[in-house]
Amino acid sequence: QVQLVESGGGLVQTGGSLRLSCAASGRTFSSYAMAWFRQAPGKEREFVAAISWSGGNTNYADSVKGRFAISRDNAKNTVYLQMNSLKPEDTAVYYCAARKFGSISDTATGEYDYWGQGTQVTVSS
């Protein structure tokens with residue numbers, strides 16, 4: 001069992017930056033691939049970024065490539081999402097997710113086993 005708690009969301013102006021954090025419980029955090037998803041009002045939850053258990057491999061949605069960076073610190077049981085050059089269309093609730101098996105190239109929400117409660121990110125124009 002893994003419990004995930006996101007933090008770091010807030011209100012930022014267009015072009016600004018935020019860093020989200022996701023703290024995980026459990027001793028086996030380092031064996032899980034981690035990801036960030038987001039869901040805007042009236043839209044389906046969509047993949048943002050993922051990182052392998054070791055941190056050696058990452059995957060990004062085309063919409064955030066070059067602006068967002070996912071990283072992890074297994075010693076701290078934490079995964080991060082650094083978001084730069086934010087746009088109003090990045091406004092959403094951001095969720096952290098964990099999966100034990102499978103490839104981070106598979107971005108379907110159903111492939112992830114554990115989810116956090118989400119943190120709101122609002123980008124003003």
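Residues numbered from 1 in each chain as written. Predicted model: local features only at pLDDT ≥ 70, side-chain atom pairs only at ≥ 80, totals over all residues. Heavy atoms only, no water.

Draft legend 1. Examining the state of the cysteines more closely. Within this structure, the stated rule accounts for one disulfide. A sulfur-sulfur separation of 2.1 Å characterises the disulfide bridge that pairs cysteine 22 with cysteine 96. Sign of the S-S torsion, about -80° for the bond between cysteine 22 and cysteine 96, identifies this disulfide as left-handed. Remark: cysteine 96 occurs in strand β9 (residues 92-99) and cysteine 22 occurs in strand β3 (residues 18-24); sequence separation between them is 74 residues. Cysteine 96 shares its class with cysteine 22; the two are buried. (Disulfide = S-S within 2.5 Å. Helix = DSSP H or I, 4+ residues; strand = E, 2+ residues; numbered from the N terminus. Buried < 20%, exposed > 50% of the residue type's maximum accessible area, 1.4 Å probe, protein only.)

Draft legend 2. Region of interest: the nonpolar core. In terms of nonpolar packing, the biggest core is built from 38 residues, with Met34, Trp36, Leu81, Met83 and Tyr94 touching the most fellow members. Of all elements in the fold, only β3, β4 (33-39), β5 (46-51), β7 (68-73), β8 (78-83), β9 and β11 (119-124) reach the threshold of two or more residues within this core. (Core = buried A, V, L, I, M, F, W, Y, C linked by side-chain atoms within 4.5 Å.)

Draft legend 3. Structural detail: the sheet that holds strand β1 (residues 4-7). Here four strands make up an open sheet; going across it, the order is β1-β3-β8-β7 and the pairing antiparallel. Each end of this open sheet is capped by a strand with a single partner; those strands are β1 and β7. For this sheet, the mean inter-axis angle between neighbouring strands, taken without regard to orientation, is 15°. Here β1 pairs with β3 via four bridges, running antiparallel. Across the sheet, the residue bridging to valine 5 is alanine 23, located in β3. (Pairing = 2+ DSSP bridges. Axes fitted to C-alpha atoms, helices over the stretch in contact; angles between N-to-C directions.)

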